[in-house]
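Descriptive structure summary
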Amino acid sequence: MLLLTLATLVTLLARHVSAHARLFRVSVDGKDQGDGLNKYIRSPATNDPVRDLSSAAIVCNTQGSKAAPDFVRAAAGDKLTFLWAHDNPDDPADYVLDPSHKGAILTYVAAYPSGDPTGPIWSKLAEEGFTGGQWATIKMIDNGGKVDVTLPEALAPGKYLIRQELLALHRADFACDDPAHPNRGAESYPNCVQVEVSGSGDKKPDQNFDFNKGYTCDNKGLHFKIYIGQDSQYVAPGPRPWNGS
Ligand SMILES: [Cu+2]
């Protein structure tokens, strides 16, 4: 009986550790663009979170400086659907992300860097924290791993890197640099997609946001206590979204 309990506990722990997510593909106005892993996504080798806010990995994860061979092609005003999965987006039993990972989903854009994506080049396109009584990551799980983002009509044609980030807050009750509570702070899952945008827009995103400067351990969007009834007061880190106006 004790053995069975231990075995169950080990299974549960293993499940938690591996219950993370990566971005697998993108649809444009509902049209699947095919497997994007290392094709048009600068895919990290694993689905592990990034927690070091001073690292290059916080921007586009561990392989962020390595250009992928392809681009997603979309027009300004199109709806992009990002498909996240734990392991296999085609397996209906795949649970996407462990539901303990309550948190926000943020989407940023930068003029395409062929290599290093760090520095003050980013603008926010969309953000969702806790709205309508639920966290964005839980809505994503309920939606089979899908997250919709519409490109602003005014977005100028050209090549871009679009960074979507799951920001899990289940360990963010203490700041990431709290010496008394090591390994706390938000868990970030940034994945970056190469997109070539067409259309007649003429606005370039100009927020010049730098993750290594703007994401700090004391930022209220990265150090936030869930479970105490104040979820609706959550404000995501970074600037408010740029809509081209
Ligand atoms: Cu985790």
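I will try to describe carefully the structure that is included in this document.

What counts, and at which threshold
Residues numbered from 1 in each chain as written. Predicted model: local features only at pLDDT ≥ 70, side-chain atom pairs only at ≥ 80, totals over all residues. Heavy atoms only, no water. Donors = N, O, S within 2.8 Å, 3.2 Å for Na, K, Ca; no water. Tetrahedral: all angles 85-135°; square planar, octahedral: opposite > 155°, others 65-115°. Helix = DSSP H or I, 4+ residues; strand = E, 2+ residues; numbered from the N terminus. Buried < 20%, exposed > 50% of the residue type's maximum accessible area, 1.4 Å probe, protein only. 1 Å grid on protein atoms, 1.4 Å probe; cavity = no way out; pocket = protein on both sides within 12 Å on 5 of 7 lines; lining within 4 Å. Points joined across faces, edges and corners; volume = space filled by probe spheres on them. Nonpolar A, V, L, I, M, F, W, Y, C, P; charged D, E, K, R; others polar. Core = buried A, V, L, I, M, F, W, Y, C linked by side-chain atoms within 4.5 Å. Contact = heavy atoms within 4.5 Å. Salt bridge = Lys/Arg side-chain N within 4 Å of Asp/Glu carboxyl O. Disulfide = S-S within 2.5 Å. Pairing = 2+ DSSP bridges. Axes fitted to C-alpha atoms, helices over the stretch in contact; angles between N-to-C directions.

Further remarks concern the coordination of the copper ion. Six octahedrally arranged donors around a metal ideally form angles of 90 or 180 degrees; four tetrahedrally arranged donors ideally form angles of 109.5 degrees. Around the copper ion, the protein contributes the donor atoms H20 (NE2), H101 (NE2), E187 (OE) and E187 (OE), which lie 2.0 to 2.6 Å from the metal centre. Angles of 53 to 129° at the metal separate the 4 donor atoms of the copper ion, which places the site in the irregular class. Look at where the donors of the copper ion fall in the sequence and you get H-x80-H-x85-E. Of this pair, H20 sits in the loop between α1 (2–18) and β1 (22–28) while H101 sits in the loop between β4 (79–85) and β5 (103–111), placing them 81 residues apart in sequence. Residue H101 is classed as buried on the basis of its relative accessible area of 0%.

Turning next to empty space enclosed by the protein. Over the atoms rolls a probe the size of a water molecule, and its path tells where empty space is left. Evaluation of the coordinates by the stated rule reveals 1 cavity of 30 Å³ or more. Taken as a whole, the largest cavity holds about 30 Å³ of empty space. What lines the largest cavity is R51, L53, C176, G185, A186 and L222. Residue composition of the lining of the largest cavity, grouped by class: 4 nonpolar, 1 polar and 1 charged.

Moving on: the nonpolar core. Ranked by internal contacts, the top residues of the largest apolar core, which has 63 residues, are F82, W84, W122, M140, V193 and Y215. Excluding residues within four positions of it along the chain, W84 makes contact with A21, R22, L23, V96, M140, G144, G145, V147, Q164, L166, Y189 and N191.

Inspection of the entire model under this criterion finds 12 salt bridges. Residue K124 pairs with E127 through a salt bridge whose shortest N-O separation is 2.6 Å. Accessibility expressed as a relative area gives 0% for K124, which makes it buried. Take E127: its relative accessible area is 28%, and that puts it in the partly exposed class. Between R163 and E165 there is a salt bridge, with its nearest N and O atoms 3.0 Å apart. Since its relative accessible area comes to 0%, E165 is described here as buried. Several salt bridges share partner residues, and in doing so they unite R25, D32 and D90 into one network.

Turning our attention to the state of the cysteines. In total, this model carries 2 disulfides according to the counting rule given. A disulfide bridge connects C60 with C192, and the sulfur atoms are separated by 2.0 Å. Across the S-S bond of C60 and C192 the torsion is about -85°, and the bridge reads as left-handed. On the criterion of sequence distance, the pair formed by C60 in helix α2 (residues 57–60) and C192 in strand β11 (residues 187–198) is long-range, its members being 132 residues apart. Here C176 pairs with C217 through a disulfide, and the sulfurs are 1.9 Å apart. Taking the sign of the S-S torsion, -95° for the link of C176 and C217, the bridge is left-handed.

This part covers the sheet that holds β5. The sheet built from 5 strands is open, its strands ordered β3-β11-β10-β5-β6 with mixed pairing. Single-partner strands in this sheet number two, and they are β3 (72–75) and β6 (122–128). Mean inter-strand twist for the sheet, computed between neighbouring axes without regard to direction, equals 35°. Relative to strand β10 (residues 158–168), β5 runs antiparallel, the two being bridged by 9 bridges. Residue pairing for β10: V109 is matched across the bridge by I162.

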